[in-house]
Amino acid sequence: MRSDNLLRVSCGGVELDSPIVVASGVWPFEKDFWQRDSFPGLGGICTKAVTLNRREGNPGTRIWETPAGLLNSIGLQNRGVEHFLERDLPVISEGGIPFIVNVAMENHDETSEVLRRLEDMRNMIPAVELNISCPNVSDGGMAWGRFAETSAQAVSMARKKWKGPLWVKLTPQAEDIAQVARAVEEEGADALVVGNTWLGMAIDIDTARPVFERAFAGLSGPGIFPLALRMVWEVCSAVTIPVIGCGGVTSYRDCLAMLMAGATAVEVGTVMFLDLQSGKSFSSGLEEYLLARGLDGMKDIIGKARQ
Amino acid sequence: MCISEGIRDFDGIAEKLQKITSRVFTIDFHCPEIAHGSSPGQFVMIRFKDRLDPLLGRPFAVASAKGDSFSVWFQVVGKMTALLSEVSPGEKFTVRGPLGNGFGEPSGDKLFLVAGTLGVAPLLKVYEEFSGRLDCEVHLGVPDKTWKPFTEQVRQLIPGLRIFSDDGSLGVHGTCLHGLPGEIGQREEIWACGPVGMLKALAERYPQNRSGIRVSLEARMACGIGGCQGCVIETVEGKRRVCVDGPVFSSEEVAWDEIR
Ligand SMILES: Cc1cc2nc3c(=O)[nH]c(=O)nc-3n(C[C@H](O)[C@H](O)[C@H](O)COP(=O)(O)O)c2cc1C
Ligand code: FES
């Protein structure tokens, strides 16, 4: 049996050859990085966040390593939806890897305009990931995802504008993650990504000042894996739509744990900084695990720890 | 399987650690792809294979290449460099590269290569590449005479090296800018690497000649491939990524007023 059959999953309206998807914000738009043949084992790639207008992102220090972790305060730097549609979309859609357009929730009017423009190109866009979880901006971002009511408002707006597959990326800073997840499911999301970075901070003891201009920043990387796994478990208990586990995955074992907790797919961010071929090595690991146990496919793994 | 212009994560094996001063070291890595495939001013990101702490690779200029190996020079400044200063031969690393634009081709027939301490690393490779066919005058600045073993080591590679020290205890009293001519000629260029304050001072010293100055900048990096936007600097065209749009910029591109 071919490996891409064995690892195939259907996830929130997207057919993935492997459950391993590159998370938003770590991958360049340069053409070579979207060629399917160059990155075997990847099921899909999320784009960097897109907003209505160009954003310069945050001033000052943007990244800071912690023990087995990474704090970032990029602040949604991107060139705006027009540039994305004219320049990036043609490039990334040629490579053959399914991609998911990460749309950062700003305010109601701006984000609905972004989604309206994406809707005009729907035949070219496999899915949208609505990011109601960015911790690094003052306007919108994570503020939307903290409560069930505001999350529902954002998703309800998005659902009206964008008719294609809609993934919604939640924040670990949610007051009650199960409640938020249920509210987002009710508004018609096709899948939930659990989740974005965990709010943290660092202080530079030489200057006695916070490292980041915004003081707080988002923590990612292996240090957060157990936290993310627990949250995936909680959300999988709360909803019936597919969940995509994200946070600190650095091995095929972590992928298996996310899947066994109930996730249908896994997003990987920080680990791509360590190994560009993580998709390949994780997929081989998953495949060997399945073959060694005589399992037929992903359905035999997903949610197994819950049975 | 090539990715962007051959960028990949290669295996690198530490071959030789050399201690130059108590804080300055060089390491030779066996890594044929980088040894044969990088040009002056390009860099690599090096991380301990299979270790999650330190997590990310750190950027190092390719200082020289011989056979299937390349070398990096570094000063102990943090966790990663402290660990590297105790590395054992045979230890395995991941080497991402070759990264960045590099210095490119000289446009004239004389190069002033200007370095502040470890900023000499990328310029060693520039010298290796170009000193045979054009006039390369190398100026190296250090704080004081505790850096003598370092300057001696550089002198072995660059016989005509001019040395400057901040306190005058080694070479000529002054910074590495001290011995540069008042004006840069039509057929001359300055290529520089060092602390950002030094590079800014260089730009300010030649306000009319900024197109004749190329500077190699440093930044904290996570990906090295243009994905994370973590390494941006202010330029006259807005924020640009040091890892792929640089690390070498023309001095006239950099928005020096906004750089701290
Ligand atoms: C440098 C950086 C930039 C990021 N940018 C975005 C972004 O634009 N949109 C988004 O939804 N998530 C963004 N994220 C979050 C990641 O997609 C991911 O959810 C998070 O890092 C946790 O996964 P990881 O531990 O595998 O990295 C970013 C993360 C990092 C490290
Ligand atoms: S280090 Fe990631 S964009 Fe430069």
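Structure: above.
Keep in mind it's a predicted model, so treat the numbers as computed, not measured.

*Asks:* Tell me about the overall build of chain A, and name the residues and values.
*Replies:* Helix and strand content of chain A: ten helices and 16 strands. A compact globule built from 307 residues would reach a C-alpha radius of gyration of about 19 Å, and chain A, at 18 Å, matches this within 12%. Seen through its principal axes, chain A has C-alpha atoms that stretch 55 × 50 × 40 Å. Counting the 307 residues in chain A, one finds 63% classified as buried. Counting only contacts in chain A whose residues sit at least 6 apart along the sequence, the fraction spanning at least 24 positions is 72%. Carbon and sulfur atoms form 49% of the exposed surface of chain A, whose accessible area is close to 11,700 Å². Each charge class in chain A can be summarised by its mean position, and for the 29 positive and 38 negative side chains these summaries are 1 Å apart.

*Asks:* Which residues make up the overall build of chain B, and what are the values?
*Replies:* Counting its regular elements, chain B contains five helices and 16 strands. For a compact globule of 260 residues, the expected C-alpha radius of gyration is about 18 Å, and chain B comes in at 18 Å, within 12% of that figure. Dimensions of chain B along its principal axes, counting C-alpha atoms only, are 50 × 40 × 35 Å. Burial analysis of chain B (260 residues in total) assigns 58% to the buried set. Put simply, of all contacts in chain B between residues at least 6 apart along the chain, 64% involve residues at least 24 apart. A total of about 10,700 Å² of accessible surface is found on chain B, and carbon and sulfur atoms cover 46% of it. Taking the 29 positively charged and 33 negatively charged side chains of chain B as two groups, their mean positions are separated by 4 Å.

*Asks:* Now, about the sheet that holds strand β16 (residues 265–268) of chain A: what can you tell me, with residues and values included?
*Replies:* Residues and elements named next belong to chain A. Spatially, the eight strands close up into a barrel ordered β3-β4-β7-β8-β9-β10-β15-β16, and their pairing is parallel. Across the sheet, the mean angle separating the axes of adjacent strands is 25 degrees when strand polarity is ignored. Relative to strand β15 (residues 243–246), strand β10 (residues 191–194) runs parallel, the two being bridged by three bridges. Bridge pairing in β15 links L192 to V243. Each of β8 (127–131) and β9 (166–170) is contacted by helix α5 (residues 148–161), which is oriented at about 160 degrees to β9, the strand it contacts most. Strands in contact with helix α6 (residues 177–186) are β9 and β10; relative to β9, the strand with the most contacts, it is inclined by about 165 degrees.

*Asks:* Explain the side chain of E137(B) to me, using residue names and the numbers behind them.
*Replies:* Looking at the secondary structure, you find E137(B) in strand β9 (residues 135–142). Apart from the residues lying within four places of it in its own chain, the contact partners of E137(B) are K110(B), L111(B), F112(B), L113(B) and R162(B).

*Asks:* An account of the sheet that holds strand β6 (residues 69–72) of chain A is requested, with residue identities and associated values reported.
*Replies:* Residues and elements named next belong to chain A. Ordered by their spatial adjacency, four strands build an open sheet running β5-β6-β14-β11, and the pairing between neighbours is antiparallel. Each edge of the open sheet carries a strand with a single partner, namely β5 (63–66) and β11 (198–201). Averaged over neighbouring strand pairs, the angle between their axes works out to 40 degrees when direction is ignored. In the sheet, β6 pairs with strand β14 (residues 216–220) via three bridges, with the strands oriented antiparallel. For L70, the partnering residue across the bridge sits in β14 and is S220.

*Asks:* I'd like to hear about the site of ligand 1, residue by residue, with values.
*Replies:* Taken together, the neighbourhood of ligand 1 is formed by 24 residues, with S24(A), K169(A), G221(A), G248(A) and T270(A) sitting nearest. Residue neighbours of ligand 1 fall on chains A and B, so the site bridges chains. Between an oxygen atom of ligand 1 and a side-chain N or O atom of K169(A), the distance comes to 2.7 Å. Here an oxygen atom of ligand 1 and a side-chain polar atom of N196(A) are 3.4 Å apart. Here ligand 1, which alone exposes 610 Å², has 98% of that area covered by the protein. Looking at the shell around ligand 1, its residues break down into eight nonpolar, 14 polar and two charged.

*Asks:* Report on the interface of chain B and chain A, specifying residues and quantitative values.
*Replies:* With 33 residues of chain B in contact, the opposing surface of chain A contributes 37 residues. For R241(B), the salt bridge goes to E30(A), with nearest N and O atoms at 3.2 Å. The interface formed by chain B and chain A holds nine residue pairs in polar contact (both at pLDDT 80 or more) in total. Counting only elements with at least two residues in the side of chain B that touches chain A, the list comes to β1 (8–19), β7 (92–99) and β15 (238–241) of chain B. Element by element, the count of residues in the side of chain B that touches chain A is highest for β15(B), at three residues. Across the side of chain B that touches chain A, the residue classes tally to 14 nonpolar, seven polar and twelve charged.

*Asks:* Before we move on, could you go through the pattern of salt bridges and cite the residues and values that matter?
*Replies:* Tallying each qualifying case throughout the model produces 29 salt bridges over all chains. Here R240(B) makes a salt bridge to D245(B), at a shortest N to O gap of 3.9 Å. For R241(B), the salt bridge is made with D245(B), and the minimal N-O distance between the two is 3.4 Å. One network of salt bridges, in which partners are shared, links E30(A), R240(B), R241(B), D245(B) and E253(B).

*Asks:* Describe in detail the side chain of T235(B), supporting the description with residues and values.
*Replies:* All names here are of chain B. Within the secondary structure, T235 sits in strand β14 (residues 232–235). On the accessibility criterion, T235 (5% relative accessible area) is buried. At a separation of 3.1 Å, a polar atom in the side chain of T235 contacts the main-chain amide nitrogen of E237. A polar atom in the side chain of T235 sits 2.6 Å from the backbone oxygen of G238. In contact with T235, other than residues within four places in its own chain, are R240, F249, E253, V254 and A255.

*Asks:* Please set out the pairing of β7(B) residue by residue, giving values where relevant.
*Replies:* Successive side chains on a regular strand alternate, one facing one side of the sheet and the next facing the other. Residues and elements named next belong to chain B. Of all eight residues making up β7, seven are buried, and the element is well covered by its neighbours. Bridge count for β1 against β7 is six bridges, and the pairing is antiparallel. Residue pairing for β7: F10 is matched across the bridge by V95. With five bridges connecting them, strand β3 (residues 43–48) and β7 associate as antiparallel partners. Across the sheet, F48 pairs through a bridge with F93, a residue of β7.

*Asks:* Report on the packing of helix α3 (residues 108–120) of chain A against α5(A), specifying residues and quantitative values.
*Replies:* Residues and elements named next belong to chain A. Remark: α3 packs on α5, axes separated minimally by 9 Å, with the N-to-C direction vectors making an angle of 30 degrees. What the angle tells us is that α3 and α5 run roughly parallel. As for how α3 packs across α5, the hand of that crossing is right-handed. Where α3 abuts α5, its residues H108, T111, S112, L115, R116 and E119 lie against M157, A158 and K161. Residue classes in the contact of α3 with α5 are distributed as three nonpolar, three polar and three charged.

Cut-offs applied
- Residues numbered from 1 in each chain as written.
- Chains lettered and ligands numbered in written order.
- Predicted model: local features only at pLDDT ≥ 70, side-chain atom pairs only at ≥ 80, totals over all residues.
- Heavy atoms only, no water.
- Helix = DSSP H or I, 4+ residues; strand = E, 2+ residues; numbered from the N terminus.
- Rg over C-alpha atoms; globule rule 2.2 N^0.38 Å.
- Buried < 20%, exposed > 50% of the residue type's maximum accessible area, 1.4 Å probe, protein only.
- Contact = heavy atoms within 4.5 Å.
- Areas by Shrake-Rupley, 256 points an atom, 1.4 Å probe, with all protein chains shown as cover.
- Lys, Arg positive; Asp, Glu negative; His and termini not counted.
- Charge placed at Lys NZ, Arg CZ, Asp CG, Glu CD.
- Pairing = 2+ DSSP bridges.
- Axes fitted to C-alpha atoms, helices over the stretch in contact; angles between N-to-C directions.
- Near = heavy atom within 4 Å.
- Polar contact = N/O pair within 3.5 Å; in protein donor to acceptor, adjacent residues only side chain to side chain.
- Nonpolar A, V, L, I, M, F, W, Y, C, P; charged D, E, K, R; others polar.
- Salt bridge = Lys/Arg side-chain N within 4 Å of Asp/Glu carboxyl O.
- Parallel < 35°, antiparallel > 145°, perpendicular 65-115°, else oblique.
- Left-handed = near helix turned anticlockwise from the far one by under 90°.

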